[in-house]
Every structure is written in C-alpha cells, then in structure tokens.
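A look at the structure
Here is how the chains run, residue by residue.
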Amino acid sequence: MLRPVRDIPRSPGWRLSTQLGGRDHGESTRAVLDVALDPKSAGRRALWTYADNGDAALGDAVLVPIGKRQALGFVVRRYEATADELGFRFDELKSIIEVVNGIRIPGVLLDLAKFVAETYLCSLPVALSVCVPPGVRERLEGAWSLGAPAGEKLSVVQQEVLRTLQEAGGELSEAEVGALPEGIQRAFKALRASGQVNFVQRLAPFLERRQKEKLVRLTSDEAAIEAFLRSEGKRKPAQALTLMRLQAAGGPPLSPLEVRALAGVTETTVRALAQEGLLEWVTTDEVKLSVPPTPNPEQQLAVDAISSAISDRESTAFLLFGVTGSGKTEVYLRAAAQALAMGRQVLYLVPEIALATQAISQMRSRFGRGVAVLHSELTQLERLRTWLRIANGEASVVLGPRSAIFAPLPNLGLIVMDEEHESAYKQEQSPRYHARTVARELARLHGCPIVLGSATPSLETFYEAEKGGVTLISLPSRAASAQMPTVEICDLTQGYRNGKPALLVPELATAISDALARGEQAILFLNRRAYAPFLMCRDCGYRTACPQCSVALSYHRGERKLRCHQCGHSVVVPSECPKCTSTRLNPFGLGTEKVEEGLRELFPAARIGRLDRDIASRKGALEEVLSAFRAQDMDILVGTQMVAKGLDFPNVTVVGVVAADISLSVPDFRSGERTFQLLSQVAGRAGRGSLPGRVFVQTFNPEHPAVVHAQGHDYVGFFEEAILERQGVGYPPFLRLVNILVTGPDREAVGKASGLVRDALPSGLTVLGPADCPLERLNNRWRRHLLLKLPAVADLAEVQSAVESVSVRGVSVVIDVDPVSLS
DNA sequence: TGGAGGTTCCCC
DNA sequence: GGGAACCTCCAT
C-alpha cells in the first residue's frame, strides 16, 4: 500500500543531505503560498507557508490547518521555493484545506498592506488586518453539494444521501446535515472522499436576502419643522437634533441607517419623525439627482487640473487650500463626477463621519445610490455587506474615515481627503499608519490623483506644495456673503499686573452683554473640562494625583468627585488634606464647570449651558443642549472642542476663547500648529449668519505666532514663521521622527528595556533619550521613550530589527513612525 | 515525588 | 489563540 510521503521513515543519511543542502533536495523547488492569518489568533508572526495545489489565487480567503486547528487566512504570495529558502523540509508543508468561495482581497490592497507593513514597521498580517472583510470568519458556513457521479456501487444510505441532496436543490448547509442521524452523516463523508459530493466553505447565504432600500427625507413644510423645533424641541431633543442635522445636510433622501449615523440616534427616533410627518418615506427610484451649481472661475480651474490628472492617470497630489465656504466641496464633487464618467471610482475621506453630513448628502444628491458610507454605527453584518458591495463594483463612491482607505475598490479614479491636517487621520493602534501617507501611496498604485483639502493645511503638506511635490490650488474666500469675523487678542498678563485676574477681560464681558441685549448669542471656548485641573492644600502643598497615572486628579464639582482624565479613575472629594488633614484643600486653575459658574455670576439673567464630554456622556444630553441653544432657549454656551465643530448657529455673534494657552503649553512640537488650527476653527463659529461676528482670544502669550496669525486669518504668515522654526530645531518635514515607546508595570524593567533598545540601535542615528514620557505613568504602566530623528527617506529596517531584538519580561516596545502625539 | 498552576513557544 | 512542553514550588 502506498503511504503518504510524510509517513516514510527517514534515514539519518537523508536528513543529513537536507541539512547540508545536498544537490538532490536542496535545489529542487515547490510551488508554495504565503498565507496571512489573523494576528490576534495566530500570534505575532502569523505568516505561514503552505503547499500550492493551484486552487487559490492571490488575495483569496483560504482555510488552512494550523496545529490541530483550522484558521481563516488570505493568500499574500505565490512562489517557488527550495527547502532551504523555506527553512524547513518539504514534507512538513501542509496544503490549504480549501478556498473560501467569493472572498478575495484585490491585488492593489495587498500591495498597500505591504507598503503599510514596511513604512510603519509592523508585520504583514497586522497590516493586512485592516484590509480584510470584517466578520467573515463568523459568517462562514460549510455547504454540501453534488459532485461528479462515480461508477461505484452505492449503499442504500449513500443513495439516500444523493437523493436528499437532489431534492434540496443540490445543496445542503453544514448545519442541516449536522442535524441528520449519525449514520447518514458518515455517508456524506464517505461520498465526499470518493468525490461524489463536495464540501466547501463559503459565506452564509444571508447576503442574497437584499431588501429594497427605503429612504427618508425632510418634509418640504419648513414651517412645520421650525414649529416643532420651537415647541417640542426641548421635550424631544433627539428628534430635534435629527431635524437640525438633516437641515444642515441640505435635503437629499438618506437611508434610515445614515440618518441614525449622522444624528447618533436610534431607529425609533427616525420612525417617530416619520409618524409625525416631519420625515417622508421615498423609494430609491423616485430620487431625482440634483443639478450642480455653476462653478466660479477658480473652482473651474481646479476642476480642470484635477480632471486632466484623472484622464491621464497621473497620481498627482493637489492641495486645495481655502477657507470654509470657499467652495472646496463643489470642486471635490465635480472632480468625482469626472472620475465616475470614466468608469472609475471615488474615495472620499473625512476625519470624522459625524461632521460629514453635508458631504454625504451632497454626494447622494449628485450621484444617487452608488455611494457607500462607512462608519462606526454599522453592525458587523452591515460592514460585510458594504465590503462586498464595494468589491463587486456596486458602490462607485466610498465615503468614510481613515479606515475607508482599505475599502476594496477595484479601479480608483480619484481620492479626496478633506481637512487633511486633522490628527484623526493618524491611527494610534497598530498598524499605526497615517491615512494621508497611505492614501498617497494608494493614489500611486491606482494611477489616480489625490486632492487634499484644508483651510489650515498641515505644515508638512504646505511645505511640499512650496517645494512642488504637491500642486497648490488656492480658492480665495467668497466676497460679501461669508465675511470673516474680527479677532481681538486680549492680554491676560494685564489682569495679573492689576492684581485681580478676571474670568473674562472687560472687552469680552461687555461684548457678551451687548450681544445678549440685542437678543444674540455667545459661545465661550475652553479646552479643559471639570471645575479645576486639581486641588491643592494651602497648608502643605499637597496636590491631588492619580494613583495609576502621573497626572493630577481633576476636580468635578457637580459630581463631588476627583477624576483622572487619562484612565478614568475616580474618588469622592476628600473633606480634608490626606497628607496633613488641613481642611484648606482648594481648587486651582480653570475648567469649563468653573467658567459656567463664573458666567452665572457675571450674567445672572442669562440662560447658560455647558457642553463637554462630562455633559455629553449622559444619553440624550448632547442633543438637549444643542437643540436648546439652536432654538435660542439658551444665551451662552460654554464648552470644549465639541462646540467648535459641527453645527452652525446663525445667531451667534460673539465667541470667546477663555484661555488659548492650554493647547500652547502642551509639550509637543506641534502645539503651535494645533493652536493655530483650533483658533481658526473656533473663530469660524462667530458670524455665520447675516450678523457680523466678533472673536476674543484671551491669552498669556499675545505675541505667539499661532495667536497673532490667527487674528489676521493669515495661514501663510503662520506657515512661514513655523516652518523656519521646524527647520531650525530639526523636526518634520525636514527630518523624519520615529518614536519608540517602552511601557510596563515595573519601572526598573522599563528602564532596563529602554536602555537595551538604545544599545541595540545602529550607531550614527540621532537618538533623543531614552527618557521618561511626558506622561510617565499611565494605567499603572511606566512609560519611557526614545525619539529618533532620521533623514526623510531613511531605511527603517535596522530600527525594526533593533527593537525586535529586545525582549524584557512584562515590557512592551512599540514603534510609532511619524508620530502625531509624543506624550 | 508528583501534581497543580504558571509560563513559553511553536504552529507552515 | 490553543495546546504541548517545560518550569516551579510545595505538601506529603
């Protein structure tokens, strides 16, 4: 009897010849496949090699044996190799179990994953984990089907099996067969062995059930909507917010799912609104596409430039530089139309899906149902459906956050990245990629242009535009209609010199009371929640500190709690100092809660609301506050970044930045850039309607370039100053940064490991540290880091192998290439 | 001495 | 992730 090769006893001589790479064995090759498995379930180096039996193509989902288990993986490489090259004997090669029907990662995405792995120093399986269709593993189902009839004589049971299969339409699921008596199951297996029935893994057939999609749109009765917002807005905040978001989105029908996503509400809210007649149901075919507005000359120039790059298949990067209201979106849409007309697809990236309501609805009204929106509200099943819809070419526009770059688009013609400067484009978990960098590689792979849009571009992108690597297109702001607010800088050091620093400088306080007298509204911005950042004992100097992190515990007066804003740890406020038992334990510094309190004293008649993460954590509270403010049931709104993004409040004429210095004092070389961006954005909240706006920026650093240039709405001025500083100190874009983060519960072990990393790094590199991180302890883990400054085009392979050579028990070492946060 | 419980390290 | 193999410590 023939036995499988692996069972033949091996003679010592045979083994010797393999080890020595002898002529007979060492030089013969086999066709093999590299299969990437899920790194979470197959370990860090989850790339395994299997014999290639010719069934699987590159990118195919396959089931493979690993140890005694089966695992789902994706074919990432097909090649011929000798045993030496493999590093193990051919007889140890296993074959794949089977190819999963109908799931294949496009070749471009495999190349993109390789780029991510090389650029961000992670393994290919980790890079690939962001490309794979979500939840396939859970949706796999074995299916029995009829195979080739053989001449052999069949038992009664076997005949019964074939008859059952025929009656079931030639196919039975694994579950259906599993429910049959054991004897019959054995017969299935026997018939499979002789090829008369087949058993394959495939996606469970839920996908076939595709219901006709129903859409909703706002009623055209605007008076009814306004009446609802005024009278019922307070009682039904979720419904009111939904209406406001839909108003902001501007009209076209959306699916209930999309409405849920953009307002953060449930199906119930949507249904209630439909019941009340404020939303109307429409079917897909009723949707009329809107007629695009005529572009102005600057927009037309931009569109022409991008369009010719699309038709010439040039992977040019454009920077579309213009303030809000300058018409960037119209350029995106026209360029997108161009790509679609050529039978290619469009990828539209946004930093946060909740803030992209206008983009979604404009895409919808311009391009109809071929738009797929990816967002965090999707269930796993919905994600998988969307993934397949995109892969099958049914969706020609994909809109989503950074993860959308890995959508399986087969023939991309245009990439749009709106608000390209946003830090949300950097992924802070492995793979730690920056979507801007990856998107540009994707554009190169597809041979299509990429349009980066911003009013305050990243210094990196604008610098490249100056150097010519990126084509700059400026859109001048529109004249009369969108007037920029006046910005006044208020020097807080004056207040200290006069002895008693007030919460608001007199000019700002006056401006607010004048606005209130005219029936207008004001927003006050402070980028720090809680009442005060810490409590301090007036007798012994003790400060409240988190037991798990190296930060102070913030004082939350309303809750009577001390909270850590890093790890969430909270304790009841002690009545006396834990160190000296003094009762003079007082709040120091400023938070939104205290601003709110101060405003109530300053403007006792005003209706004041607050919006920050503490408020928004209560379900429905965000909606309540926003709809009350919008309905003018509130005069002054105090808040963090949350108030700077998203909604338009046309009646707001005064915006005050309570302390611009909080973001300036962050120990990070980008803090100036971030402050400029933040101030520009906050300033944009004033005077959005027909009324002129005034912005007041209170600061201890009135001379800081970020403050001075934000006052003049002068991005270029800020850029020129900031870029010189970057060059002088040696930061991006002039050098490349790599941050190596070493963490663990044992401080000594972390210290030792960080030293070992230092020693393992190749000589000749500029290495800062190892040093404690600005946040030296987080969640009971000590943190040290090394910062590498490398030439912009450095080969990082040596850095990776140096880091991987270090292994200290309980210590993890993470490499962050092109870090966005250094704390 | 053995077995319970923890840790490490392979899986192609 | 899961299982084998290896390691450690202590009760007997």
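Relevant structure appears above.
Residues numbered from 1 in each chain as written. Chains lettered and ligands numbered in written order. Predicted model: local features only at pLDDT ≥ 70, side-chain atom pairs only at ≥ 80, totals over all residues. Heavy atoms only, no water.

Turning next to the sheet that holds strand β13 (residues 371-373). Ordered in space as β13-β14-β12-β15-β16-β11-β17, the seven strands form an open sheet in which the pairing is parallel. Where the open sheet ends on each side, the last strands, each with one partner, are β13 and β17 (471-474). With direction set aside, neighbouring strand axes in the sheet form an average angle of 15°. Relative to strand β16 (residues 450-454), strand β15 (residues 412-418) is paired through four bridges, and the arrangement is parallel. (Pairing = 2+ DSSP bridges. Helix = DSSP H or I, 4+ residues; strand = E, 2+ residues; numbered from the N terminus. Axes fitted to C-alpha atoms, helices over the stretch in contact; angles between N-to-C directions.)

Attention now goes to the nonpolar core. Grouped together as the largest cluster of nonpolar side chains are 120 residues, with contacts concentrated most on Leu347, Ile405 and Ile415. With six residues, the single largest contributor to this core is helix α5 (residues 107-119). The contacts of Ile415, once residues within four sequence positions are left out, are Leu347, Leu349, Ala439, Leu442, Ala443, Cys448, Pro449, Ile450 and Val451. Core analysis: the second largest hydrophobic core is formed by 48 residues, Ile225, Leu320, Ala335 and Ile360 among them. (Core = buried A, V, L, I, M, F, W, Y, C linked by side-chain atoms within 4.5 Å. Buried < 20%, exposed > 50% of the residue type's maximum accessible area, 1.4 Å probe, protein only. Contact = heavy atoms within 4.5 Å.)

A separate point is the protein's contact with DNA strand B. Around DNA strand B, the neighbouring residues are Ala42, Trp48, Thr49, Tyr50, Pro65, Ile66, Gly67, Phe88, Glu92, Leu93, Lys94 and Arg809. Taking the atoms of DNA strand B that fall within 4 Å of the protein, sugar and phosphate contribute 48% of them. Here a base oxygen of DNA strand B and a backbone polar atom of Thr49 are 2.9 Å apart. Contact distances for DNA strand B include 3.5 Å between a phosphate oxygen and a side-chain N or O atom of Arg809. Those elements that place two or more of their residues in the surface near DNA strand B are β2 (47-51) and β3 (60-66). When the residues that make up the surface near DNA strand B are grouped by side-chain class, the tally is seven nonpolar, two polar and three charged. (Near = heavy atom within 4 Å. Polar contact = N/O pair within 3.5 Å; in protein donor to acceptor, adjacent residues only side chain to side chain. Nonpolar A, V, L, I, M, F, W, Y, C, P; charged D, E, K, R; others polar.)

Moving on, we come to the side chain of Glu441. With respect to the helices, strands and loops of the structure, Glu441 is situated in helix α18 (residues 435-446). Residue classification places Glu441 among the buried positions, given a relative accessible area of 11%. If sequence neighbours within four positions are ignored, Glu441 has contacts with Leu112 and Phe115.

Next up on the list: the pattern of salt bridges. Tallied over the entire structure, the rule returns 34 salt bridges. The closest approach of N and O atoms between Arg444 and Glu441, which form a salt bridge, is 3.0 Å. You can see Arg444 and its partner Glu441 sitting in helix α18, three residues apart, about one turn around the helix. Across the pair Arg610 and Glu596 runs a salt bridge whose closest N-O atoms are separated by 2.7 Å. Here the residue Arg610 occupies a position in strand β25 (residues 608-611), and Glu596 occupies one in helix α22 (residues 592-602), the gap between them amounting to 14 residues. There is no split in this pair, since Arg610 and Glu596 are both buried. Taken together, the shared-partner salt bridges connect Lys426, Glu428, Arg432 and Asp816 into one network. (Salt bridge = Lys/Arg side-chain N within 4 Å of Asp/Glu carboxyl O.)

Keep in mind these numbers describe shape, not what the thing actually does.
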